[in-house]
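# Overview (structure and organization)
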Amino acid sequence: VKRFFVLISLAFFARAEAHPVAFKGAIGLMAYQQADMLEWQALYSVTNRYSLGVDYIWDTMEGPARRLLLARVNWLAHRWNGSDHQANIYVSAGGGAAFLTGATQGAGLGGLEADYETRRVYFSGKTQGIFTRGSGYWFHQLRAGFAPYLGDYEGLNTWLIVQLQSFPQASADKLRVGPVLRQFYKNVLWELGVSSQGAWSFNFMVHL
Amino acid sequence: MKRLMALLLLVSSLAHAGDVTVHVQGMVCSFCAQGLSKKFQSEKAVETFKVSLDEKVVQLKFKQGQNLTDEYLKEVITESGLNVEKIVRSGS
């Protein structure tokens, strides 16, 4: 089974999403892409409780292209470390600029995220809002996944996830459901997903 | 008195030599626990470093005559976002 997923990973490249706060001193670099959205993020974990970073988002979900450049802080509000599980609650906030067609505006960001995982199962929920003058853009996500085999610390880890995403302000495909293949090897994580509308998404993350 | 102090230091040093097994809580994801590798693999005192997600332990073997204190091990693991359940030292 493990060899099969190694082959899958080699065949496809990768996509990723992980905790917004990592170990103290970690630098996290993330790139996410889907048909109508692109996001680049660089985060520095000042401690294991909060991280600071920069977010660049490009999207055409509401029609005209919009670019956002945001400074953000992520706070690990609470963590439960058990012998066979971990659960987390994160809060995110940020601010910056929105570059719209013919105008530049101030923009703000707020987010809440929670997850629970064992070595076998994984659940997460996330909601995020980005606000510009007179408009708000929301994103909601629910995920449930399982690991088809128990990966080693030094080996390739694989997760099969079902993802439900809501983009209330999008002009099309406001609700997207689909499978995601998540894999990580040491400090590199990637995900490859496809929605019920047939749109591909790709995410890549590395912790330095 | 000085000999007694030296003897106590020697006994203390020997008691802390050898391998260490740290039992860790919350270590369910290898990607999330990579901070341990980054930290311990750069430690001069560490000869070998191994993580077992199955047994939920971090195992360290120190170079001859070198060591890391329990307090330091706890600090590193806590800064990685994990909890130390217990530290077991073996060998001398």
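Please refer to the structure higher up on the page.
Okay, so let's go over this structure. No experiment lies behind these values; they were computed from the predicted model shown.

## Side note on the side chain of Thr118 of chain A
Tracing the backbone shows Thr118 of chain A in the loop between strand 6 (103-117) and strand 7 (121-132). Thr118 of chain A sits in the buried class, given a relative accessible area of 15%. A polar atom in the side chain of Thr118 of chain A sits 3.0 Å from the backbone nitrogen of Arg120 of chain A. In this structure, Thr118 of chain A is in contact with Asp84, His85 and Trp159 of chain A together with Val28 of chain B, ignoring residues within four places of it in sequence.

## What to know about the pattern of salt bridges
Pairing between side chains becomes possible if they bear opposite charge and their charged atoms approach one another. Residue and element names in this part refer to chain A. Going through the model one piece at a time under the given rule, you end up with 10 salt bridges over all chains. For Asp59, the salt bridge goes to Arg66, with nearest N and O atoms at 3.2 Å. What makes Asp59 buried here is its relative accessible area of 1%. Through salt bridges with shared partners, a single ionic network connects Asp59, Glu62 and Arg66.

## Focus: the pairing of strand 11 (residues 188-194) of chain A
In the case of a regular strand, side chains alternate between the two sheet surfaces. Residue and element names in this part refer to chain A. Along strand 11, five of the seven residues are buried, which leaves the element largely enclosed by surrounding structure. For strand 10 (residues 175-185) and strand 11, the ladder comprises six bridges, and the chain directions are antiparallel. Within the sheet, the bridge partner assigned to Phe184 lies in strand 11 and is Leu189. Linking two consecutive strands that pair antiparallel, namely strand 10 and strand 11, is a turn of two residues; a positive phi of about 55° is found at Lys186 within it. Across seven bridges, the pairing between strand 11 and strand 12 (residues 200-207) is antiparallel.

## Re helix 3 (residues 70-79) of chain B
Residues and elements named next belong to chain B. Within the sequence span of helix 3, burial applies to Leu73, Val76 and Ile77. Along the long axis of helix 3, the arc covered by the buried residues comes to 95°, so they all point the same way. If you follow the buried residues of helix 3, they end up packed against strand 1 (19-25), helix 2 (34-40), strand 3 (57-62) and strand 4 (83-90). Count one or two residues on from helix 3 and you reach Gly81, which has phi positive near 90°.

## Topic: the packing of aromatic side chains
Scanning the entire structure with this criterion turns up seven aromatic pairs over all chains. Judged by centre distance (5.3 Å) and plane angle (80°), the rings of Phe131 of chain A and Trp138 of chain A are edge-to-face. The partly exposed category is assigned to Phe131 of chain A, whose relative accessible area is 34%. Members of the aromatic cluster, connected to one another through ring pairs, are Tyr153 of chain A together with Phe40 and Phe49 of chain B.

## Description of the interface of chain A and chain B
On the side of chain B, 24 residues touch chain A, which itself brings 28 residues to the contact. Both sides together, the interface formed by chain A and chain B hides about 2300 Å², and carbon and sulfur atoms give 57% of it. Ranking the residues of chain A by area buried against chain B places Phe23, Arg119 and Tyr153 of chain A at the top, with a combined share of 36%. Looking at the side of chain A that touches chain B, the elements with two or more residues in it are strand 4 (66-81), strand 11 and strand 12 of chain A. Across the side of chain A that touches chain B, the residue classes tally to eight nonpolar, 13 polar and seven charged.

## Observations concerning the nonpolar core
By size, the foremost hydrophobic cluster in this structure holds 27 residues, and its most contacted members are Leu68 and Ile130 of chain A together with Phe31 of chain B. Those elements that place two or more of their residues in this core are strand 1 (27-34), strand 4, strand 6, strand 7, strand 8 (135-146), strand 9 (156-166) and strand 10 of chain A. What Leu68 of chain A contacts, discounting residues up to four positions off in sequence, is Asp55, Tyr56, Ile57, Ala97, Ala98, Ala107, Ile130 and Thr132 of chain A. The next biggest cluster of nonpolar side chains, apart from the first, holds 22 residues, and it includes Met27, Val46, Val51 and Leu73 of chain B.

## Re the sheet that holds strand 3 of chain B
All names here are of chain B. Read across the sheet, four strands follow the order 2-3-1-4 without closing on themselves; strand pairing throughout is antiparallel. In this open sheet, the two edge strands, each paired with only one partner strand, are strand 2 (46-52) and strand 4. Neighbouring strand axes in the sheet, compared pairwise and without regard to direction, differ in orientation by 15° on average. Pairing of strand 2 with strand 3 involves six bridges; the strand directions are antiparallel. Residue pairing across strands places Lys50 opposite Gln59, the latter belonging to strand 3.

## So, unusual backbone geometry
We note that Asp173 of chain A has phi near 50°; this positive angle belongs to a residue other than glycine. Topologically, Asp173 of chain A is positioned in the loop between strand 9 and strand 10. Its identity is not glycine, yet Lys56 of chain B carries a phi of approximately 60°, on the positive side. Mapped onto the fold, Lys56 of chain B is located in the loop between strand 2 and strand 3.

## Let's talk about the sheet that holds strand 2 (residues 37-45) of chain A
Pairing within the closed barrel is antiparallel, and its 12 strands lie in the order 1-2-3-4-5-6-7-8-9-10-11-12 (chain A). Adjacent strand axes in the sheet meet at a mean angle of 20°, parallel and antiparallel pairs treated alike.

Conventions used here
Residues numbered from 1 in each chain as written. Chains lettered and ligands numbered in written order. Predicted model: local features only at pLDDT ≥ 70, side-chain atom pairs only at ≥ 80, totals over all residues. Heavy atoms only, no water. Helix = DSSP H or I, 4+ residues; strand = E, 2+ residues; numbered from the N terminus. Buried < 20%, exposed > 50% of the residue type's maximum accessible area, 1.4 Å probe, protein only. Polar contact = N/O pair within 3.5 Å; in protein donor to acceptor, adjacent residues only side chain to side chain. Contact = heavy atoms within 4.5 Å. Salt bridge = Lys/Arg side-chain N within 4 Å of Asp/Glu carboxyl O. Pairing = 2+ DSSP bridges. Arc of directions from axis to C-beta. Phe/Tyr/Trp six-rings, centres within 6.5 Å; stacked < 30°, edge-to-face > 60°. Buried area = accessible area lost by both parts, 1.4 Å probe. Nonpolar A, V, L, I, M, F, W, Y, C, P; charged D, E, K, R; others polar. Core = buried A, V, L, I, M, F, W, Y, C linked by side-chain atoms within 4.5 Å. Axes fitted to C-alpha atoms, helices over the stretch in contact; angles between N-to-C directions.

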